[in-house]
Amino acid sequence: MAGSPTARRRRLSIELKKLREANALTCAQVGAALDWSGSKVNRMETGSGRVQPSDIDALCRYYETDDELREFLKSLARQAKTRGWWQEHGTGVPQWFSIYIGLEQEASTFRQYQCELLPGLMQTPAYAGELHTTGAHLPAQDIERAVRVRMERQTLLTRPGAPDAWFVVNEASLRNVIGERALMKEQLERVLTAAALPSVTLQVLPFDSGTYPATGSFTMLGFPDQEDPDIVYRDGITDAVYLEGEHHVREYVRAFDGLRAAALSPQRSTQLIESVLKDYAG
């Protein structure tokens, strides 16, 4: 069972929708039978509404499920109410990004393309702080919180059972000077350290790679339970997009495979990073 509250809530939504569809019912029909609104049922199935254990009891009686499934769903509903460690940092983590962190914590596979900046899971505190200071217009206290959260997220790559993580970064992310050159030197050294982890593969997409199948940064998360479908995440300045449909995921998998094919091998990527690092050290 998924461990973070976000992942539990998502799994609960998936299971409730499966039950309704297995009974060939609409949200409106289920709502009418239970003296609820159809929109309440829809909110339960989309994860946008809180689901109480008593709601699970009512739904399971109506769907005539067995006791084992009912208790499993009630457990999901109870545990979805808990708070993740990242939520303790308040406004340092916007709500739309909090959802992503909850999913990231449970991922078994991680695929990311970065076209301008280095991956958050490889950033130094100084690099991350510079990005937050320039881009988010946050109070100093919230910037500190946001950086702490980013550093804590990085333990994902070193913990037991770390996800299989594959990063493709555009060469521009190596050469974009964030802050001072000394900061970039430290940052590229951190990238090389992360790239050497057994769970991590890193490739650089060089400037001379020609055309490639992507128009912006994105992340794909896969999960250990087959009942939890893969998800594609793309973020912006004030919000994020989560794509779960089979068609969306398939096209992003195809794009990522194309990026991997166009990028340098991991060994040659390391050599390029070391070459750029010498420029910053000079």
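Once a new chain begins, its residue numbering starts again from 1 and follows that chain's sequence as written. Predicted model: local features are reported for residues with pLDDT of at least 70 only, side-chain atom pairs are reported and counted for 80 or more only, and whole-chain, interface and lining totals are derived from all residues. Hydrogen atoms and water are omitted, and side-chain values are computed over all heavy atoms in the structure.

## Side note on the packing of helix α10 (residues 181-195) against helix α12 (residues 266-281)
Step number 1: What counts as an axis is a line fitted to C-alpha atoms, over the stretch in contact for a helix, and the angles between N-to-C directions run from 0 to 180 degrees. By definition, any uninterrupted DSSP run of H or I lasting at least four residues is a helix, any uninterrupted run of E lasting at least two residues is a strand, and each is numbered from the N terminus. At a minimum axis separation of 9 Å, α10 and α12 run at an interaxial angle of 160°. In terms of orientation, α10 lies roughly antiparallel with respect to α12. Here α10 and α12 pass one another in a crossing that is left-handed. Across the interface between the two elements, Arg181, Met184, Lys185, Leu188, Glu189, Val191 and Leu192 from α10 touch Thr270, Ile273, Glu274, Val276, Leu277, Asp279, Tyr280 and Ala281 from α12. We call two directions roughly parallel when the angle between them is under 35 degrees, roughly antiparallel when it is over 145, roughly perpendicular when it lies between 65 and 115, and oblique otherwise. By definition, any crossing whose near helix is turned counterclockwise from its far helix by less than a right angle is left-handed, and any crossing with a clockwise turn is right-handed. Any two residues whose heavy atoms approach within 4.5 Å at even a single point are treated as in contact.

## Quick look at the confidence of the model for the chain
Step number 1: When pLDDT is averaged across the chain, the result is 86; 90% of the residues are at 70 or more.
Step number 2: Values of pLDDT, ranging from 0 to 100, describe the predictor's confidence in every residue of the model. Per-element averaging of pLDDT across the chain places helix α6 (residues 95-104) at the bottom with 75 and strand β3 (residues 200-205) at the top with 98.

## With respect to α10
Step number 1: Taking 1.5 Å per residue as the helical rise, α10 with its 15 residues ought to reach 21 Å, and the 21 Å between its terminal C-alpha atoms agrees with that figure.
Step number 2: For each residue, the accessible area found with a 1.4 Å probe, counting protein chains only, is set against the maximum for its type, and the residue is called buried under 20%, exposed over 50%, and partly exposed in between. Within α10, burial applies to Leu183, Met184, Gln187, Leu188, Val191, Ala194 and Ala195. Looking straight down α10, one finds its buried side chains confined to an arc of 130°; they lie on one side. Facing away from the buried surface of α10 by more than 90 degrees, the exposed residues are Ala182 and Thr193. In a helix, the anticipated span is given by 1.5 Å times the number of residues less one. Taking the helix axis as origin, the arc is that swept by the directions to the C-beta atoms.

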